[in-house]
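Each chain, written out:
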Amino acid sequence: MCSFFILFYSYAGYGLLAWLMVKLKRWLFPPKALPAQELPPVTLLIAAYNEAGFIEQKIHNTLQLDYPAEKLQVMIVTDGSADGTPDIIRRYPSIILLHEPERSGKTAAINRAMLQVSTPIVVFCDANTLLNKAAIRNLVKHYDDPHTGGVAGEKKVVAGGEDGAAGMEGVYWKYESALKKLDAALYSVVGAAGELFSIRTALFRPVEPEVVLDDFIISLRINMAGYRIAYAPDAYAMEAPSFSITEEHKRKVRISAGGFQSIVMLKPLLNIFRYPLLSFQYISHRVLRWTLCPLCLPLLLLSNTALVVMGAGPWFTAFLAAQLLFYGLAAIGYVLANRSVRVKIFYIPFYFLFMNVAIFEGFFRYIRKRQSAAWERSSRSMATVSS
């Protein structure tokens, strides 16, 4: 029962509890409108690695953003790119290009680029995404609150492929977006996504070069400094789904290895007495999923099987049958996914198990220190994405 409770709480119970807490908070402390401030100067910092096939589309999208041109500085860092990406960027004199031939990794590139940022707000964005036109405006309006140290945008996985569906990856991000809205309403988003997020430049501290999830570390360290991370769902980065299940597997394992690295680096956040509300959110939304949940899945199946063998009541038999059905659907989903066929009734259980297996692999990659912080360009087709 303990395994079931942890799984239920992590994937459903925390969201329900956060919803109730937000309702109570709004009843006790009705939100007050803040006076709008003048639009601040902003630097849009884009990290790109071997993006020659897409960088021009990214630049055109960036130059069409609805923000005063005199207040928006665009900076692209392309360290290690050897496919002509820097040459394409040089065609656009309004864009600041930072390039070094050495491939030191995204984190090192961001640290170097941040030394050149002089605006009070910096927006981080991936090179393989497109932003909606009002994205920058919708991010910076949250800085009217002096307690806001950063603002997370939304990641949207858009339709791609012959079936015109973004698959379970898109469904997962919709679920994550709903949780982020609750997190932000309760107190703070717990870890921004690197596709689109912003911070007060003065709060940035250089990140260790070996860090894999730089966005996660940067945003949570701002939390630890006493600021909240707001959420702007009307500022979004559009990204195509992974080109293949193999590419998605590589990405999930890398993120999982980075998750374990982050838990170790952010040890103080596990102290709920030091950061009561933030730690509650962090442990509930992130830590449980990266640690106990993957272990609870096999434990739940094994313990349930043992109880049925020992003659437990019919409820345990029914629950075991439900688990076996779930795993059977996942197995069919695996076979179909390898054939690039995605049927929701099969793909949802498959993707759920797929993520948890990737966590196991990420853990072993982390303890073996085999996860590099160097950029690994993923294969994602953006042909169907438009702003």
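All of these numbers come straight from a predicted model, not from anything done at the bench. (Residues numbered from 1 in each chain as written. Predicted model: local features only at pLDDT ≥ 70, side-chain atom pairs only at ≥ 80, totals over all residues. Heavy atoms only, no water.)

Participant: Explanation requested: the overall build of the protein in the structure shown.
Facilitator: The helix and strand inventory of the protein stands at twelve helices and eight strands. Expected size for 387 residues packed as a compact globule is a radius of gyration near 21 Å; at 22 Å, the protein falls within 12% of this value. Projected onto its principal axes, the C-alpha coordinates of the protein cover approximately 75 × 50 × 40 Å. Here the analysis covers contacts within the protein between residues at least 6 apart in sequence; of these, 77% occur between residues at least 24 apart. Per element, the accessible surface of the protein, about 18,200 Å² overall, is 64% carbon and sulfur. Seen as two clouds, the 40 positive and the 30 negative side-chain charges of the protein have centres 6 Å apart. (Helix = DSSP H or I, 4+ residues; strand = E, 2+ residues; numbered from the N terminus. Rg over C-alpha atoms; globule rule 2.2 N^0.38 Å. Contact = heavy atoms within 4.5 Å. Areas by Shrake-Rupley, 256 points an atom, 1.4 Å probe, with all protein chains shown as cover. Lys, Arg positive; Asp, Glu negative; His and termini not counted. Charge placed at Lys NZ, Arg CZ, Asp CG, Glu CD.)

Participant: How should I be thinking about the packing of helix α1 (residues 2–28) against helix α9 (residues 276–290) in this particular structure?
Facilitator: A pair of packed helices is captured by two measures, namely the crossing angle of their axes and the spacing between those axes. The interhelical angle for the contact between α1 and α9, taken along N-to-C directions, is 155°, at an axis separation of 10 Å. Put simply, α1 runs roughly antiparallel to α9. You can see that α1 and α9 cross each other, and the crossing is left-handed. Counted together, Tyr9, Ser10, Tyr11, Tyr14, Leu17 and Met21 of α1 and Leu277, Phe280, Gln281, Ser284, His285, Leu288 and Arg289 of α9 form the full contact between these two elements. (Axes fitted to C-alpha atoms, helices over the stretch in contact; angles between N-to-C directions. Parallel < 35°, antiparallel > 145°, perpendicular 65-115°, else oblique. Left-handed = near helix turned anticlockwise from the far one by under 90°.)

Participant: Before we go on, may I ask you to explain the pattern of salt bridges in this structure?
Facilitator: A side chain with one charge may pair with a side chain of the opposite charge, provided their charged atoms come close. For the structure shown, the criterion picks out 16 salt bridges. In this structure, the salt-bridge partner of Glu38 is Lys71, at a minimum N-O distance of 3.1 Å. Here the residue Glu38 occupies a position in the loop between α1 and β1 (42–47), and Lys71 occupies one in the loop between α2 (55–63) and β2 (72–77), the gap between them amounting to 33 residues. Using a relative accessible area of 67% as the deciding quantity, one classes Glu38 as exposed. What you see here is one network of salt bridges that share partners, running through Asp79, Glu100 and Arg112. (Salt bridge = Lys/Arg side-chain N within 4 Å of Asp/Glu carboxyl O. Buried < 20%, exposed > 50% of the residue type's maximum accessible area, 1.4 Å probe, protein only.)

Participant: What should I look at first to understand the environment of Val341 in this one?
Facilitator: Topologically, Val341 is positioned in the loop between α11 (314–338) and α12 (344–367). Looking at Val341, the relative accessible area reads 36%, which means it is partly exposed. Distance from Val341 to Asn138, taken between C-alpha atoms, is 37 Å for residues 203 residues apart in sequence.

Participant: How do you make sense of the packing of α1 against helix α10 (residues 292–309) when you look at a structure like this?
Facilitator: Viewed as axis vectors pointing N to C, α1 and α10 meet at an angle of 135°, and their least axial separation amounts to 9 Å. In this view, α1 runs oblique relative to α10, as classed from their interaxial angle. In this structure, α1 meets α10 at a crossing whose hand is left-handed. Between α1 and α10, the residues in contact are Ser3, Phe4, Ile6, Leu7, Ser10 and Tyr11 and Leu292, Cys293, Cys296, Leu297, Leu299 and Leu300, respectively. Split into classes, the residues belonging to the contact of α1 with α10 amount to ten nonpolar, two polar and no charged. (Nonpolar A, V, L, I, M, F, W, Y, C, P; charged D, E, K, R; others polar.)

Participant: I keep staring at the environment of Leu179 and nothing clicks. Help me out?
Facilitator: Note that Leu179 resides in helix α6 (residues 167–186). Residues Leu179 and Gly15, 164 residues apart in the sequence, show an inter-C-alpha distance of 6.3 Å. Setting aside its immediate chain neighbours within four residues, Leu179 contacts Tyr14, Gly15, His285 and Arg289.

Participant: What is the right way to read empty space enclosed by the protein from this model?
Facilitator: Empty space among the atoms becomes apparent when a probe as large as a water molecule is rolled across them. Taken as a whole and assessed by the stated rule, the structure comprises two cavities of 30 Å³ or more. Roughly 60 Å³ of internal volume is contained in the largest cavity. Every residue lining the largest cavity is listed: Leu45, Ala47, Lys106, Ile110, Phe124, Cys125, Asp126, Gly194, Phe197 and Asp214. Ranked by the residues each element gives to the lining of the largest cavity, the list is headed by strand β4 (residues 121–126), at three residues. Of the residues that constitute the lining of the largest cavity, the class distribution is six nonpolar, one polar and three charged. (1 Å grid on protein atoms, 1.4 Å probe; cavity = no way out; pocket = protein on both sides within 12 Å on 5 of 7 lines; lining within 4 Å. Points joined across faces, edges and corners; volume = space filled by probe spheres on them.)

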